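Observations on the model geometry
Next come the chains, spelled out residue by residue.
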Amino acid sequence: MLFSSITFIYFFLPLLFLVYFITPTKYRNIPLLVFSLIFYFLGEPKYILVLLSIFVILVLIAYKKGKKIKKGVFMKKYLKLMRVSHYVKNIVIFLPCVLSQQGITGWKKVFIGVCIFSFISSIVYIINDIRDIEKDKIHPIKSNRPLASGEIAVRNAKIMVVLLVLIIFGLY
């Protein structure tokens, strides 16, 4: 669906406004979220899992239980858990694309492949940290990892794995 389509202008948008204005002010973000997901689903359904995953991540960030979050610190823990610093190794995947000189379409596919590969490696890292949490707690270096140090609960790490899986399927 396009913004300039008849369906959007004469059906979707008026319905959105109607639902939005009859919804109590406190809950007006909910119809916006639902209608946004419907709009993107009708336009490009394969990205709906990515949108839902991002939404869940943002909700987790917003509703951190009773702890004051210093700016940027909350996400740093999760990025450290995912071992984003190790993603540099995945740039090697671009090498065949550079050597074959395929053009833009090849680059897009390779970029998505790098993202998927990076997220899969993060899932493996997180599962490994969950399995080895007791050993990591007594190790002098590994005890600084987010799970071993207690910065992130095991439950939240499992949620992160599920979200990464959803993002992977959304990208695929």
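Residues numbered from 1 in each chain as written. Predicted model: local features only at pLDDT ≥ 70, side-chain atom pairs only at ≥ 80, totals over all residues. Heavy atoms only, no water.

**Quick notes on helix α2 (residues 29-43)**
Its 15 residues place the ends of α2 21 Å apart at the C-alpha level, agreeing with the 21 Å of an ideal helix rising 1.5 Å per residue. Taken as a whole, α2 has its buried residues at Pro31, Phe35, Leu37 and Phe39. (Helix = DSSP H or I, 4+ residues; strand = E, 2+ residues; numbered from the N terminus. Expected span 1.5 Å × (residues − 1). Buried < 20%, exposed > 50% of the residue type's maximum accessible area, 1.4 Å probe, protein only.)

**A look at the packing of helix α1 (residues 6-22) against α2**
Axis separation between α1 and α2 bottoms out at 9 Å; the angle between their running directions is 160°. In terms of their interaxial angle, α1 and α2 are classed as roughly antiparallel. In this structure, the crossing between α1 and α2 has a hand that is right-handed. Packed against α1, whose contacting residues are Phe8, Phe12, Leu15, Leu16, Val19 and Tyr20, the element α2 presents Pro31, Leu32, Phe35, Ile38 and Phe39 at the interface. (Axes fitted to C-alpha atoms, helices over the stretch in contact; angles between N-to-C directions. Parallel < 35°, antiparallel > 145°, perpendicular 65-115°, else oblique. Left-handed = near helix turned anticlockwise from the far one by under 90°. Contact = heavy atoms within 4.5 Å.)

**Here we look at the packing of aromatic side chains**
On inspection of all chains with the given rule, the structure shows two aromatic pairs. Clustering of aromatic rings is evident, with ring pairs tying together Phe17, Tyr20 and Phe21. Over the ring of Tyr20 we find Arg28, and its NZ or CZ is 4.9 Å from the ring centre. (Phe/Tyr/Trp six-rings, centres within 6.5 Å; stacked < 30°, edge-to-face > 60°. Lys NZ or Arg CZ within 6 Å of the ring centre and 35° of its normal.)

**Examining the side chain of Ser121**
Here Ser121 shows up in helix α6 (residues 104-131). Taking the relative accessible area as the measure of exposure, Ser121 reaches 18% and is therefore buried. Look past the residues within four positions of Ser121 in its chain and what remains in contact with it is Tyr87 and Asn90.

**Quick look at unusual backbone geometry**
The phi dihedral of Arg83 is positive, around 55°, even though this residue is not glycine. Looking at the element boundaries, Arg83 is found in the loop between α4 (73-82) and α5 (94-100). Owing to a relative accessible area of 11%, Arg83 belongs among the buried residues under this scheme.

**Quick word on the nonpolar core**
Within the largest apolar cluster, 19 residues are counted, with the highest numbers of intra-cluster contacts made by Leu81, Met82, Phe119, Ile126, Leu147 and Leu164. Among the elements of the structure, α4, α6 and α9 (154-171) are those that each provide at least two residues to this core. Setting aside residues up to four positions removed in sequence, Leu81 forms contacts with Tyr125, Ile126, Asp129, Pro146, Leu147, Ile152 and Ala157. Among the nonpolar cores identified, the runner-up in size contains five residues, and Phe8, Phe12, Phe35 and Phe39 belong to it. (Core = buried A, V, L, I, M, F, W, Y, C linked by side-chain atoms within 4.5 Å.)

**Digging into the pattern of salt bridges**
According to the stated counting rule, one finds four salt bridges in the structure shown. Taken together, the shared-partner salt bridges connect Arg83, Asp129, Asp136 and Arg145 into one network. (Salt bridge = Lys/Arg side-chain N within 4 Å of Asp/Glu carboxyl O.)

**A closer look at the side chain of Thr23**
When you line up the elements, Thr23 lands in the loop between α1 and α2. The buried category is assigned to Thr23, whose relative accessible area is 15%. Setting aside its immediate chain neighbours within four residues, Thr23 contacts Arg28 and Pro31.

**Regarding the environment of Phe8**
As for its position among the elements, Phe8 is in helix α1. Taking the C-alpha atoms as reference points, Phe8 and Phe39, 31 residues apart in sequence, are found 8.8 Å from one another.

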